[in-house]
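Reading the structure
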Amino acid sequence: MNPMIGITTGNNSDGDYFLRRKYCTAILRAGGIPIMLPPISRPRSALGICDGILLSGGGDIAPRLCGIEEYDPAFLFEASPERDEYELELTRLAFSRDIPILGICRGIQVLNAALGGSLHFHILNHTQKLSREQPSHTIHIAENSYLNELFSVDTLEVNSFHHQAIRTSANGLRITAVSEDGIAEAAEGVGKRFCIGVQWHPEHMNTRESDILFAALCAKASQGKK
Ligand code: MN
């Protein structure tokens, strides 16, 4: 049976719930059934029907959720308190129940913030002008990491569309890839079946590693199928 993969959604400028199609097609290609999770769907109930969770990319997380009250709003893009609150709770629940989680871009930041880690709120040089499928920087993948085992490579060329990033990793998370300028680009849940955050957008890259990553999420989700 195909695993059901809940994918979180954002808001567009009209206030509609919004999700880029590529997240759904990547899950479908990997053998999963994508289920869109708007931030009004109750996390506990939503997890009752999902075998895995994909935290999608999108706008910035509000700094106050990481304990920072003083912040220049000029550097906060597409913030959504509704989405923040929903995704943080969904992530904490999925993590504690060991439901497979893949966090992409904003999703790795949500994963880290949900578990108590801190973020950089405005870094430079990680928002590429190149098209989405093209890589713009290299990452180094830690030895003995799940990602290294999965991809069988130590370095990878990735795309980059973020100005937030992990600052200090949460308890229970390990940073397992960094860029050449020292920015965390991947993190893994310690001792979890499958809990990975990536700072790049694999759904836009037609690469072997993208296929492997989505396939691994769906395979692990399938093993825990309800
Ligand atoms: Mn980057």
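Right above here is the structure, for reference.
Once that is clear, we can look at the pattern of salt bridges. Think of it this way: side chains of opposite charge can pair up when their charged atoms draw near. Within this structure, the stated rule accounts for five salt bridges. As a salt-bridge pair, Asp 211 and Arg 29 come within 2.6 Å of each other at their nearest N and O atoms. Here Asp 211, found in helix 6 (residues 208-223), pairs with Arg 29, found in helix 1 (residues 21-29); they are 182 residues apart in sequence, far enough to count as distant. Judged by its relative accessible area of 41%, Asp 211 is partly exposed. On the basis of relative accessible area, Arg 29 is assigned to the exposed category, the value being 65%. Note that Arg 208 and Glu 209 form a salt bridge whose closest N and O atoms lie 2.7 Å from each other. On the accessibility criterion, Arg 208 (44% relative accessible area) is partly exposed. With a relative accessible area of 13%, Glu 209 lands in the buried category. A single network of salt bridges, built from pairs that share partners, joins Arg 83, Asp 84, Glu 87 and Arg 106.

Within the first shell, the manganese ion binds the protein through His 126 (ND1), His 137 (NE2), Ser 160 (OG), His 162 (NE2) and Glu 185 (OE), at distances of 2.2 to 2.3 Å. Linear spacing of the donor residues for the manganese ion on their chain is H-x10-H-x22-S-x1-H-x22-E. Here Ser 160 lies in the loop between strand 9 (155-158) and strand 10 (165-168) and His 126 lies in the loop between strand 7 (118-120) and strand 8 (137-141), a separation of 34 residues in the sequence. No difference in accessibility class separates His 126 from Ser 160, as the two residues are buried.

Okay, helix 1 next. Residues of helix 1 that are buried include every one of Tyr 23, Cys 24, Ala 26 and Ile 27, and no others. For helix 1, the angular spread of the buried residues around the axis is 160°, confining them to a single face. Along helix 1, exposed side chains directed more than 90 degrees from the buried face belong to Arg 21, Leu 28 and Arg 29. Elements that come into contact with the buried residues of helix 1 comprise strand 1 (4-8), strand 4 (33-37), strand 5 (52-55), strand 6 (101-104) and helix 6. Directly beyond the C-terminal end of helix 1, a positive phi value near 100° is found at Gly 31.

Before going further, it helps to spend a moment on the state of the cysteines. Taken as a whole and judged by the stated rule, the model has zero disulfides. Between Cys 50, a free cysteine, and Cys 218, which holds the nearest cysteine sulfur, the sulfur-to-sulfur gap is 12 Å. Of all cysteine sulfurs in the structure, the one in Cys 24 sits closest to Cys 218, which takes part in no disulfide; the separation is 12 Å. Note on Cys 218: relative accessible area 3%, which makes it buried.

This part is about the sheet that holds strand 9. Taken in spatial order, the nine strands make up an open sheet running 4-1-5-6-13-12-11-8-9, and their pairing is mixed. The open sheet terminates on both sides in strands that have one partner only, identified here as strand 4 and strand 9. In this sheet, adjacent strand axes meet at a mean angle of 20° when their direction is disregarded. When strand 6 meets strand 13 (residues 195-198), the two strands line up parallel, connected through four bridges. The partner of Leu 102 across the bridge, within strand 13, is Ile 196. Along the sheet face, helix 6 touches strand 1, strand 5, strand 6, strand 9 and strand 13 and points at about 145° away from the line of strand 6.

Analysis parameters
- Residues numbered from 1 in each chain as written.
- Predicted model: local features only at pLDDT ≥ 70, side-chain atom pairs only at ≥ 80, totals over all residues.
- Heavy atoms only, no water.
- Salt bridge = Lys/Arg side-chain N within 4 Å of Asp/Glu carboxyl O.
- Helix = DSSP H or I, 4+ residues; strand = E, 2+ residues; numbered from the N terminus.
- Buried < 20%, exposed > 50% of the residue type's maximum accessible area, 1.4 Å probe, protein only.
- Donors = N, O, S within 2.8 Å, 3.2 Å for Na, K, Ca; no water.
- Arc of directions from axis to C-beta.
- Contact = heavy atoms within 4.5 Å.
- Disulfide = S-S within 2.5 Å.
- Pairing = 2+ DSSP bridges.
- Axes fitted to C-alpha atoms, helices over the stretch in contact; angles between N-to-C directions.

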